[in-house]
Every structure is written in structure tokens, then in C-alpha cells.
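Fold and geometry: a report
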Protein chains: 6
Amino acid sequence: MSGCVIQVINPNTSREMTETIGSAARRAAHAGTEIRAVCASHGAPSIEGHVDEAIAALGVLEQIRQGKAQGVHGHVIACFGDPGLLAARELAAAPVVGIAEAAMHMATLVATRFSIVTTLPRTLVIARHLLHQYGFERHCAALHAIDLPVLALEDGQGVAQQKVREQCIQAKQQDGSGAIVLGCGGMADLAGELTRELEIPVIDGVSAAVKLVESLVGMGLTTSKHGDLDYPLPKPLTGPFSQLR
Amino acid sequence: MSGCVIQVINPNTSREMTETIGSAARRAAHAGTEIRAVCASHGAPSIEGHVDEAIAALGVLEQIRQGKAQGVHGHVIACFGDPGLLAARELAAAPVVGIAEAAMHMATLVATRFSIVTTLPRTLVIARHLLHQYGFERHCAALHAIDLPVLALEDGQGVAQQKVREQCIQAKQQDGSGAIVLGCGGMADLAGELTRELEIPVIDGVSAAVKLVESLVGMGLTTSKHGDLDYPLPKPLTGPFSQLR
Amino acid sequence: MSGCVIQVINPNTSREMTETIGSAARRAAHAGTEIRAVCASHGAPSIEGHVDEAIAALGVLEQIRQGKAQGVHGHVIACFGDPGLLAARELAAAPVVGIAEAAMHMATLVATRFSIVTTLPRTLVIARHLLHQYGFERHCAALHAIDLPVLALEDGQGVAQQKVREQCIQAKQQDGSGAIVLGCGGMADLAGELTRELEIPVIDGVSAAVKLVESLVGMGLTTSKHGDLDYPLPKPLTGPFSQLR
Amino acid sequence: MSGCVIQVINPNTSREMTETIGSAARRAAHAGTEIRAVCASHGAPSIEGHVDEAIAALGVLEQIRQGKAQGVHGHVIACFGDPGLLAARELAAAPVVGIAEAAMHMATLVATRFSIVTTLPRTLVIARHLLHQYGFERHCAALHAIDLPVLALEDGQGVAQQKVREQCIQAKQQDGSGAIVLGCGGMADLAGELTRELEIPVIDGVSAAVKLVESLVGMGLTTSKHGDLDYPLPKPLTGPFSQLR
Amino acid sequence: MSGCVIQVINPNTSREMTETIGSAARRAAHAGTEIRAVCASHGAPSIEGHVDEAIAALGVLEQIRQGKAQGVHGHVIACFGDPGLLAARELAAAPVVGIAEAAMHMATLVATRFSIVTTLPRTLVIARHLLHQYGFERHCAALHAIDLPVLALEDGQGVAQQKVREQCIQAKQQDGSGAIVLGCGGMADLAGELTRELEIPVIDGVSAAVKLVESLVGMGLTTSKHGDLDYPLPKPLTGPFSQLR
Amino acid sequence: MSGCVIQVINPNTSREMTETIGSAARRAAHAGTEIRAVCASHGAPSIEGHVDEAIAALGVLEQIRQGKAQGVHGHVIACFGDPGLLAARELAAAPVVGIAEAAMHMATLVATRFSIVTTLPRTLVIARHLLHQYGFERHCAALHAIDLPVLALEDGQGVAQQKVREQCIQAKQQDGSGAIVLGCGGMADLAGELTRELEIPVIDGVSAAVKLVESLVGMGLTTSKHGDLDYPLPKPLTGPFSQLR
């Protein structure tokens, strides 16, 4: 994989979370892979609902365009709602993988069912929709929310991390699941430790997505340009969107 | 319904299509309903893929915010992909209805299965995802594309309209469907005529959405603010998104 | 909608419930809409199971035939099991809408998931089958039964109404739903008050169905006569069924 | 199974078809089983749509009540739409099996997928709904209609029978199915011959239902009276329905 | 059914369980049916996971081959996971029915939903997969495990039997199911007694499968050899598999 | 990934195919990954049906046990039916990935829908069952069979390869899919060339599975031993199965 460059896009504007995500991505990446962790130049500091997601999608597209111009070999969308995923695939030439799909795919490879632990209850609907869209509805035994906002994961106090740990323990005991998916990019650094402590695979989507992009690159596969993921039709975009193509 | 004001949002920037949509909305509306047809101030002139949809979603939100400030009683998203629908519901206080969902709901009330006739083949995936999300997958017998871009419907030549008619005839003969859903806001003015000529319900989503918004308003129902469609959490938005809240 | 006549059919023989339903229908209807609330001339005083539903279907057909002869513009089947719905659509020229489907459709427009509150536990299976048939299985988070018979809603004591209220509160707190669907025509008069008190959309199917029929009429749509909802084939019917055609 | 009495209910009023069905039932039954083939005392001469089905359901209930009074050990509903099935189960103490479900269940035991050959295209929707309700949607590869009315099977000319044969041959060649389900009680006498000629299991629901009822009786199983199939609540029924309980 | 010979294959090597299963099969069979209860000549003494199932499938195939050579009229696979079912159908000329599918099919004929009571929690995934494969996912309200190994049913102490009884009572009270499916061949002798005591159909798959095989034989139906269940292609098998064809 | 050893198990006994598979695996693997391509010591020379699959599952387990003893870091099951997958996961400590699931997962990352091209029509049912089990039913637009046996891919004449190419071209033109999944381990060497020639991602499961195993190893994830994939319970296995544990 030497010389492989993967752009890891944090769709929100939080620098701390971009750091967390970038570190996790680098830990997961091969020695020869370069990780370029970026975040949306504008948007929301955290993604906790549908409006945030709509904004995030534009941030993702802006970064995809830049990464494409730089010739990166693949892109990761590092927010658990996979905002803008299909749009990003349209725009990109290289593979694009979202962290929610990545974590879910990986979970189905090591367990017959998994649980999800995420942040605010209001984001559960997003995870539920993704499960349905990706075909993993029956593979998910239960969804849990720690009921703290995303940025609580970055406040340095560890309360959110402790709640994640508690929810993981509860999920292991109650759900009949064989694996746990962490439902937020900001939890990326917890997976390894929790996997070891709880003795159950605890899966971080950032790492998963980096590995899947590396895998696609290694197989010589890029986003299909035959059919409905072909490049967007050229058309005059106006206002803040004018630089999108 | 006297005094009811419905904002009909064309998520693209085409004035002609906004006219077509506005006219169809007015024809469908009650005497006492005021239709305010608007379009995105910035974005793409037509919505024919996932990138266009991501852009359109922002245009929708911008208009929802303005309509909300004006105190409208309901909003219609007049693009067959229902771009930004859940985000719009989060942002809005009043009901929000997309024209794709509206047409599909209505179709299930007059037939056991329906067919969809849309524009470019690359947009079929969007319709398919909506059918799946709304629960109408089994109620749709087939999807057809006229293989012309959206704006061909506004070029004044009638070629696209003729192709829509041909596809509707074919759908009626082959699909075993009892109704046809027109899969583009720009086809809004064709429904009545085709319904009469083909003797099968041909459903325009713009009219359908206007009637559904009037219905919700008449029932005193607004978008639920309990749970995952509650207003977005307040957070500092930057750049072009800063005026969104 | 001036001059629109909607026949609201209570499929059971209870006069009190026909009153309740008729009142709710009139409150929901436009000024120009005339509501003709009728009930089955023969049958069961309440519909609480499959046998009751089979009987109710015939009462519905009898009334559809009469309404059609009177030239009404639309029909509502005002029992939460939507008994005889497809048969009624076959027989009718005008649109026919059931109150269960109507309430469920409306609920999906204002919330991502809804709960149902109905009467006896034995009727839950009927609601479950309808959710499955209409495609709304995933949109329903939970079903609740007050465990009182339908006619308890008409005994003037208010115990049943109080139980409905309690179940709605419980549903709001526990189900993660954004809206509540009232699962019985006899609850039609409770929706407005509960919506206001509980601050969550509580949806009555009678109102919803009236609005949907008005909407279809306003769009010029009638039940499809192309395909499997075409008028019944003429054939010699005997006994109590002889007057059905 | 000695002494076992099975009531085979033809839900329409055609004597010829009752004969066809009764004969098929007797051929399928054990030596010790007595078949009582009856038909609705009133109703329609054939069942080819939703109105016919609603009427048929009442005929079924009337006969179930009589069979129950006679102490039969089980009931078969011998019309491919299984009209009134759940209502019949409510009313009956003994097992009740419909011929559509019976044929479908059996088909899944001898092949990975089956095709259905039925009469009029307008009845396909009924078969499709049953597949969905019973869970066999994915087990059915295709549905075929001979486009002749049910009673053409009883006109003694053999044209309908020939069309059934042709559709079975076509289904075998094109659908990738391993078995064929005959979609009408009036086709009951064709299964054996077609099975031998076409060298593929061709399944008649009448025989299948008789065997399933014998099986349930043999296992000492009766319709569950715990929960939603419990006997109907006692209530004053009026008019033609007054004798139903 | 006189002269009908059914081979009942216990896929594990436990003689006691083969006895239990054989007795249940004989009680369920017609007077004229001969039951040949056999077990795998080699393999595992109980089937409690995927590896056990893979081993059991070979034991099943070995016995199918022998039964076929003896000219039996049908085969039953008497382990609740239905191990090797489709492979057995490929190999066999006669009908093959698994006890899990048999019990589930029968349950849907007497109740709208059923519960399953099985042995170890780790086998629940197998039952869940079967429900999904057979199309009965929605017909199963809940799954229960007594948390004792299969062979506890054969230790003569009755503790396992008592736990089965307790779980059945709990299922009846809590699940809203109308029937209970016993999820282990070793529970075959409990069904009758529990059905009587709990007043709810408690279904044993061994009896159910015997009746279904008798039914198929009585209808003259055998496993389809048209398409994907045709006999295996002849090919040189080596090692312990060499005698399989 | 230096020092990573992946056992690639060809579940049939064909040396040629083991070579083809091993070569493809090596081409896909990282420089630091060692591929150990093995095949079942006994069994069938090709897997083309359910009996072959049942036999193959045992061959897989035998090799998993050996690979585990050797301390490999992961296992690939290189047959498109993923025979014995869950059993292998039970037995293994390391990750286990099947080539069918691997190819399907990867396909969903580069296209909205994919087509499958496999060998004999009789194996289509296996692919269909896997799509259903993995949740990818809706992501697969169509299945194609070249109608040649698996070993035709190893006869050195290229006829089978040409047929694969033709079916891929047809799939690209007709199915509306954005990617093609090759449905046989013996096609592993064709993916790269077809991807380049047809300008659509053509995905080989062997490469995909190797990359997924490398990914899981890189993430520190192993098969979950919490719950239903825990090691098999210790029990006395007899006959050819005695060495399995």
C-alpha cells in the first residue's frame, strides 16, 4: 500500500475531533499509507441531527473536491451518519467509505449480531435509517444512546467515555450481541481498550473505513462510474456552491 | 382553510420550473389557501443526482427558515427526491411534505400498485431509496425513465412531455399497475390531462403535497417536536451556513 | 371543495359511535364539504375481531352501494381495521379511504415513528397486519391496548377515555415515537385535546380520512378502474347479497 | 384418522365446483376420513375479486358455524384467496386451513421456489397479498394468469384446462421454479395429471388443505383459543348476520 | 397411507434421543405408517451450534442415502436446526421435512403468532436464521432458551422438562403468542401434555414432520427434481465422503 | 501487516483451482502477508449444489482446525457459497471471511447495486440465500449463470472465461448495476482484466476476502467469542469427525 494517500474527512468543524479521528486513522493505517485528516472549512461543530447532516454533506463534498484535486487514493467520511455518502461517491473518482457503514460491515464479519452505542437519543433515527439502507437491520440487536452530546467526548473530563463504557457493558450483558459498534467518530480512540477490557469486539468506524479504503485501493477498485454514481452532470452552480465543481 | 399560507419550495434555481410548480400548486389549492412558490436562492438549475440533492437540501433549509420567519402554515418540498425532508422537518414548526412521498401516499389510496415515470435513469436510484424508506417498495410495480434531463421539460418544445406520455401508456399496458406517479416537479402540469386521456390516475406530487399540507393544517397537526424531529440544537454555524438558524 | 359530499361509514351498528364519528368528521371537514355519517344497517354493534370485521365488510359494501347511488364524492370507512377496504374500492367509483391507513399515512408525515393506542388486545393483530400491508411496519414503534371493549368509549363514564390518555402518556415516554395514532373510530373526539395536552401529535383516523378524501377529490383523482380495482364482474348474487350490485 | 370428519367449504355457490372440490378432497383424504363438501348457501357463483371475497367470507362463516354444530373435526376453505380465514379460525373450535396457504406451505417443502398459475389477472393481487401475509413472498418466483374466468373451468369444454397446462409448461421453462401451485379450487382435479406429465410437482390446494387438517387432527392440535383467535365476543348481531353465533 | 415407510433421522448419535424421537414419531404416525428411527452412525451426541450442525448434515446425508436404498417413502430430519435440509432434498427422491420447519408451518395454521422454547441460548441464532429463511420471522413473537444443554432432556431427572414447562408458561403469559413451538427433538414427548395443561397449542416438530411427510406422500408429491434440488452432479468424492453417492 | 499469515481454504479438492485461488490471493495480499493456500484433504472436486456444500463445510472445518494449530492470523473460505462459514467462525480464534460475503460487501462500497455472474444455474439458489442472509438482497439487481460447470474454468480452453466475459457485458448493459461480482473462486484471475476492459468494477471474492481479513487483523479484531460464535462445546465426536476438535 506504499504511497497510498487517504483523506479522512471530519464533516464537522471541530479541530479536537479531527485530531481524535486522525490519530485513530493513523493507528489503523498501514505503514505505507498517508492519512490526511481534514475537516469541513465551514459548518457545525458537531453533527447531531438532520440539519447538521445536511450541512455536513456540503462540507464533505467541498473536501472531496479538494482531495480529488490533490489526487488522494481514497476518502473516508468520518461521521457516524455517513453524511453525503452517495453524493461524495458521485463526485469522487476514488473510493469513498463512511464510518457507519464500515463499522457495520466489519461487525457482521465477526459476530452474528451487533449492538450500537451512540451519543444523543435523537441521532438513533439516523443509525436506524442507515441499518435499513445498508441491509443490516436484522444484524443489529439493539441501539443505545449515552444521552450526552458529541462534544462531551472532547471536553477532556472523561464522563462521556465512562458512559460509553457503561453502555457497552450493558449491551454485552443484555442484547445477545457478539460485537459492539461505536456510533460516533469521536469515540474512535476507545475501541481498542474496550475490546480488550470487555472481551468482545468493539468496533470503531474510523479504523474500519481506513482499512476498507486501503482494501479497495489494494484491489484496484474505484467508485463505479457506470450508472447512477457517474460524475454529476455539468451545470452552473451558484452562490456558495459555485466552487463545488 | 381560509388564510392558510403554504410555501412551495422548488429546491433548484430554475424560475421556469418554479412557475410550473407554483401554477400546479395553485390549481390544487383551496380557494382560501395562498401559495408562495419560491426557489433556492443559490444552487443547481435542476436536481439529477446525489450531489444536486445535497446542494438542494441546503436551498430547502434556507427557504424553510424564511418561510418560518414569515409564519407560513406549511411547506412543500417540490423535487421528486424530497431533498432535505427530515432536516426541513427538524427546522420547521409547521408541517413539511415532499412531493415524492405525497404522490406515493396518494397512489396507494387509489390503486393496489403504481408505476413511476421519471426523467434520467440516474435518478431511479433516488426513487428506489425513497420507496424503501417510506415503506412503499411493494406498492411500486415498476420505474420508468424518459431518458431526458429535467430541464427538457421546460424547453417549450414538448418532446419531453411527449416522452412522458409514451412512458405512461407503456406503464399502463405492461406493469399491471393501477396508477402512475409522475417523478418530477416539472411534470406537475401534465397529470390532469394524462389522467383523463389514459383513464388511469396519473398523480402529480406537487398537487398531492399541497393537499396533504392543507390536510395536516386542517387537522391542527404540525411536525412533531417530541423526539428526533425536535428543533436543531443551538450551535455556532459558520460560513454560508451561519444564517441557517 | 364546495359541494363535496363525503359519506362516512361506521361499519358497526352503534348509533352513538356513528355520532362521535360524524362529529369528528364534520369538525375536520372544510366548510363546503357535506358529511353524511351512516352506519351499517345490520351487523355488530362494535368491531373487535376477525368475525366482526367480516360482517362489517358487508355493511360497508352495502353503504358504499347506497352512497354511490346518491352520487357522493368520496367514502370513509370509519373503523380502525379498515374492513372491506379493497372490496369497497372495487365497488366504488369515488375514492375510498380507511381511517387506519389515513391515520398511519398522516403520522409518517409528522414523525419518524409513531405508536398506536387501541382498545382490546385481541385487535392488535389487525393493526399489525395493516401496518404490514400498508408498508408502515418499521414506522410503528409500539402498539398499546387499553384492554377495554370499544363500546366502553360510548358509555359516558370516561373511564375508557382516561385509559386512552394514560396509554398515550406512556407511549410518549417509553416508545421513542414522535406521534400517536388513536386506534379506534370511537376515540375520534379525543385527538385534539390530547395533542394539546401531551404536546405530541395525536392523530384521529376519521379526521385524517376525511382530509384525504377531500384531497383526492380536490386533485380530481378517483379509485383506479384500470386493473385489479375495476368494478366487480357482473354475476348473479343470491340471498342477502343480492342487492349488492 | 378413522372417524375424522372434514368439512370442505366451497365459498362460492357453484354446485359443479363443489363437486370438483369434493372429489379432489376425497381422493386426497385417508380411507377413514369423511369429507363433507358444502358450499355457501348464498353468495356469488365464483370468487374473482375483493367484493366476491367479502361475500365469500360470510358464506364461509355460515358453513363453519354449521360444521361446528355438527362436530366436524376440521374445516377447509376451498377458494384460493382463503376468504375469511382468520374469522373462520375465530369462530371454529377445530382447525381451519385455506387452500392457498396449504398449497404454498406444501410447495416450500418440495422446492426452493414455486410459481402460481391462476385464473383472471385481477385475482393476482389477492395471491400477492397472501404471499406477503404468509411470509412466502420470496419463495414465489412468478405468478401467471390464464385470463379466463373461474367458471370456464366448469364449462366442460376443456379450454381453460388446456390454458392451465400451457401456463404450467411456460412456468416450468421460464421461472426457475421447482414446483407449481394451482391457484383456483376449480383446478383441483388437474394436479395429479400435470405432475406426471410435466415431471414437476404441481400442487392442488384442496388436497393440501385436507392433508394439513388431517395432520393437525392427528397431532391433537386445534385452533388456538389463547389470544387473538379466541371465540368472538358475544354481541347482538342483526339482520342476515343474526344467525352467525 | 398403508405401507408407507418414513425414515426419521436423528442427526446426532444419542440412542436415548433417537428413542424419544422414534416414540413421538410413532405416536403421531398413522396406523399404516412404519417409522424407522435411525441416528447418524458417527458425529456428535447433541447438536448445539454451527459446528455440530455441519457434522450433523453429513450424518443426515449418510442416512438419507441408506433410506433411499431401502426405498423409504419419506425422510424426517429430527433436529430443530434442520441440518442439511436442502442437501438432503438434493440427494433424496422422496420428500424430506425438517422438524423446525414442520413445527413452524403447523404453528402458523393454528395461531397468528407463535413463541419458540429451545435449549441453549447459543442455538437461538440458528432458530432465528431458519425463521428468516422460511419466511416466518414476523410470525414468531419471541424465542426462549431454558439454558440447559440438549442432553439434559435425556438425563432422566426431569429438571430440563420442568424448565421447558416454565418457559412455556412464561411465553403464554408474556409474548402475546397463540402457540408454542418446542425447539428441540428431545422435547418431542412433552407437547401433548403441555398442550393439555397450558391450554395452548404446544407443537412438537417430530410429530409435525411425520404428518407433513405422510401428507406429501398421500398427495403423490416428491422432492422436485426440476431445477436446483435435482440430484447432485456425479463427481468423484474422496475420503469419508466417498460412500455418499 | 508484516508477519500476517492468512490461510486461504479452497473447500474443494481441485489442485488447479487451489492454484488459481492462491495466486489471486497473493496478488491481492500486502507484501508482508503470507498466503497459505490449502484445499480440503477429502471431498468433492467442485462445489455445485447443497450436497457438495455440506461436504465442503467439513473440509473447511478440518482446515480451520489445522490453520488454528499453526497459528495463522486469519482464514478465507474460497468458495462462493461460503460453505461452513458460521461453523468455521465457531471453531476459529482468528477472523474468518467467505469470498461471497467479501465480494458482496465490497460491491456495495463502490456501486448502489451489483450483478452476480456465476457458473451453473443450480447454484443461483445458493447465491440468493446468501444475499438474503447477509442483507444484500436489494443491493443485487440480477444474477447470471454461464451454464458451465465450475471445472470448465480450469480446463485451459478459455470457453468458460469467454462466457463469463459475455455475461459481464450483458449484465453491464441490461441490469442497471454499477458493479459485477464474480460468483466462483475459479474466476478469481479474471477480475482485474474485466474491470479494465469493461470499465466497471468487477469484483473477485478471493481478493476481497484477503483484504477483509487483513483489515480485521490490522484492527485487532477477531471472531467474537461472546455468544453464539463461542468455541463449540466439548463433546465426544466419533468416526471421521473425531479429529475435528
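Please read all numbers here as calculations on a predicted model, not as lab measurements.

Let's talk about the overall build of chain A
Along the backbone of chain A there are eight helices and eight strands. Here the C-alpha atoms of chain A give a radius of gyration of 17 Å, agreeing with the 18 Å that 2.2 N^0.38 yields for 245 residues. In terms of overall dimensions, chain A has C-alpha extents of about 55 × 35 × 30 Å along its principal axes. Looking at the 245 residues of chain A, the share that counts as buried comes to 69%. Looking at chain A alone, contacts between residues at least 24 apart form 70% of all its contacts between residues at least 6 apart. As presented, chain A carries roughly 7,400 Å² of accessible surface, and 49% of it is formed by carbon and sulfur atoms. Taken as two groups, the 19 positive and 24 negative side-chain charges of chain A have centres that lie 5 Å from each other.

Some remarks on the relation of the copies chain F and chain A
Each of the two chain copies can be generated from the other by rotation about an axis followed by a shift along it. The transformation that overlays chain F on chain A combines an axial shift of 0.0 Å with a rotation of 180°, and the residual RMSD is 0.0 Å. In short, the pair behaves as if placed about a two-fold rotation axis. Minimal C-alpha distance to the rotation axis in chain F is attained by G135 of chain F, lying at 2.2 Å. When the interface residues of chain F are mapped onto chain A, 100% of them are again interface residues, pointing to one common binding face.

Concerning the interface of chain F and chain A
Counting from both sides, the interface comprises 46 residues of chain F and, opposite them, 46 residues of chain A. Looking at the side of chain F facing chain A, the largest losses of area belong to L109, M219 and H226 of chain F, adding up to 19% of the total buried there. Across the contact surface, chain F and chain A share zero salt bridges. Viewed at the interface, chain A and chain F are joined by 19 residue pairs in polar contact (both at pLDDT 80 or more). Those elements that place two or more of their residues in the side of chain F that touches chain A are α3 (85-91), β4 (96-98), α4 (99-110), α5 (124-134), β8 (202-204) and α8 (205-218) of chain F.

A closer look at the pattern of salt bridges
In the structure shown here, the tally under the stated rule is 42 salt bridges over all chains. Between K235 of chain A and E48 of chain B there is a salt bridge whose closest N-O contact spans 2.6 Å. Highlighted residues: K235 of chain A in the segment after α8 (205-218) and E48 of chain B in the loop between β2 (33-39) and α2 (50-70), drawn from two different chains. Across this residue pair, the class does not change: K235 of chain A and E48 of chain B are buried.

What about the domain arrangement of chain A?
Residue and element names in this part refer to chain A. Examined at the domain level, chain A breaks down into domain 1 (4-98 + 207-241) and domain 2 (100-205). Taken residue by residue, the interface counts 29 residues in domain 1 and 30 residues in domain 2. Both sides together, the interface formed by domain 1 and domain 2 hides about 2,100 Å², and carbon and sulfur atoms give 64% of it. Among the residues of domain 1 in contact with domain 2, M17, E48 and F80 are the three that bury the most area, contributing 34% of the side total. Seen at the junction of domain 1 and domain 2, the total is one salt bridge. A salt bridge links R89 to E101, with the shortest nitrogen-to-oxygen separation between them at 2.6 Å. Seen at the junction of domain 1 and domain 2, the total is 14 residue pairs in polar contact (both at pLDDT 80 or more).

Reading the values: the criteria
- Residues numbered from 1 in each chain as written.
- Chains lettered and ligands numbered in written order.
- Predicted model: local features only at pLDDT ≥ 70, side-chain atom pairs only at ≥ 80, totals over all residues.
- Heavy atoms only, no water.
- Helix = DSSP H or I, 4+ residues; strand = E, 2+ residues; numbered from the N terminus.
- Rg over C-alpha atoms; globule rule 2.2 N^0.38 Å.
- Buried < 20%, exposed > 50% of the residue type's maximum accessible area, 1.4 Å probe, protein only.
- Contact = heavy atoms within 4.5 Å.
- Areas by Shrake-Rupley, 256 points an atom, 1.4 Å probe, with all protein chains shown as cover.
- Lys, Arg positive; Asp, Glu negative; His and termini not counted.
- Charge placed at Lys NZ, Arg CZ, Asp CG, Glu CD.
- Least-squares fit on C-alpha atoms with pLDDT ≥ 70 in both.
- Buried area = accessible area lost by both parts, 1.4 Å probe.
- Salt bridge = Lys/Arg side-chain N within 4 Å of Asp/Glu carboxyl O.
- Polar contact = N/O pair within 3.5 Å; in protein donor to acceptor, adjacent residues only side chain to side chain.
- Domains from an automatic or database assignment.

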